[in-house]
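Observations on chain architecture
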Amino acid sequence: TDESSPVAIGDFLGWIFSETPDPTVGPDVVFVLGGPGCGKGTFCTKIVERFGYRHLSAGDLLRAERNRPDSEVGALIESKIREGKLVPSEITVSLVEQEMRRQGWEGGKYLVDG
């Protein structure tokens, strides 16, 4: 096809997820972004089934941390969520990284939804 031709979504996804992660540089991470209820979770489920990625939901990680009794940032997460504000990105990124390290950093393949 020439460069102006549209690419089928299946071909695009196959290309994106065909790369083999280099285990010496950390995990292969793909971010899935979109508004609430747009189908991020459904899309991630299909990618997990087809390409073997692990699905991490930033929202789920934030809620779990907020509810953890000994959390140092749980109260801050709670107040930001209650106020309808964004949780500082440093907190969200830290929680995502911790979970990737817990599940397997080297050679890991992760979808981060949120």
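Given the structure is predicted, the values throughout are model-derived calculations rather than measurements. (Residues numbered from 1 in each chain as written. Predicted model: local features only at pLDDT ≥ 70, side-chain atom pairs only at ≥ 80, totals over all residues. Heavy atoms only, no water.)

**A few points about helix H5 (residues 89-104)**
Here H5 contains 16 residues, and its C-alpha end-to-end distance of 22 Å stays within 8% of the 22 Å for a straight helix at 1.5 Å per residue. Turning to H5, its buried residues number three or more, namely Ile91, Thr92, Leu95, Val96, Glu99 and Met100. Down the axis of H5, the buried side of the element spans an arc of 165°, and every buried residue falls inside it. Residues of H5 that are exposed and angled more than 90 degrees away from the buried face: Glu90 and Val93. (Helix = DSSP H or I, 4+ residues; strand = E, 2+ residues; numbered from the N terminus. Expected span 1.5 Å × (residues − 1). Buried < 20%, exposed > 50% of the residue type's maximum accessible area, 1.4 Å probe, protein only. Arc of directions from axis to C-beta.)

**Re the layout of surface pockets**
Within this model, the largest pocket holds a volume of roughly 490 Å³. Lining the largest pocket are 19 residues; nearest its centre among them are Ala58, Gly59, Leu62, Thr92 and Gly114. Only strand S1 (28-32), helix H3 (58-67), H5 and strand S3 (109-113) provide two or more residues apiece to the lining of the largest pocket. It is H5 that provides the largest number of residues to the lining of the largest pocket, a total of six residues. Among the residues making up the lining of the largest pocket, the classes are represented as twelve nonpolar, four polar and three charged. (1 Å grid on protein atoms, 1.4 Å probe; cavity = no way out; pocket = protein on both sides within 12 Å on 5 of 7 lines; lining within 4 Å. Points joined across faces, edges and corners; volume = space filled by probe spheres on them. Nonpolar A, V, L, I, M, F, W, Y, C, P; charged D, E, K, R; others polar.)

**Some points on the packing of aromatic side chains**
Scanning all chains against the criterion turns up zero aromatic pairs. Looking at Arg101, its charged tip hangs above the ring of Trp105, at a distance of 3.9 Å from the centre. (Phe/Tyr/Trp six-rings, centres within 6.5 Å; stacked < 30°, edge-to-face > 60°. Lys NZ or Arg CZ within 6 Å of the ring centre and 35° of its normal.)

**Concerning the environment of Glu65**
Along the chain, the position of Glu65 falls in helix H3. As a C-alpha pair, Glu65 and Ile91 span 26 residues in sequence and 10.0 Å in three-dimensional space.

**Some details on the side chain of Glu65**
The exposure class assigned to Glu65 is buried, which follows from its relative accessible area of 10%. At a separation of 2.7 Å, a polar atom in the side chain of Glu65 contacts the side chain of Ser71. (Polar contact = N/O pair within 3.5 Å; in protein donor to acceptor, adjacent residues only side chain to side chain.)

These figures come from the coordinates and say nothing about function on their own.
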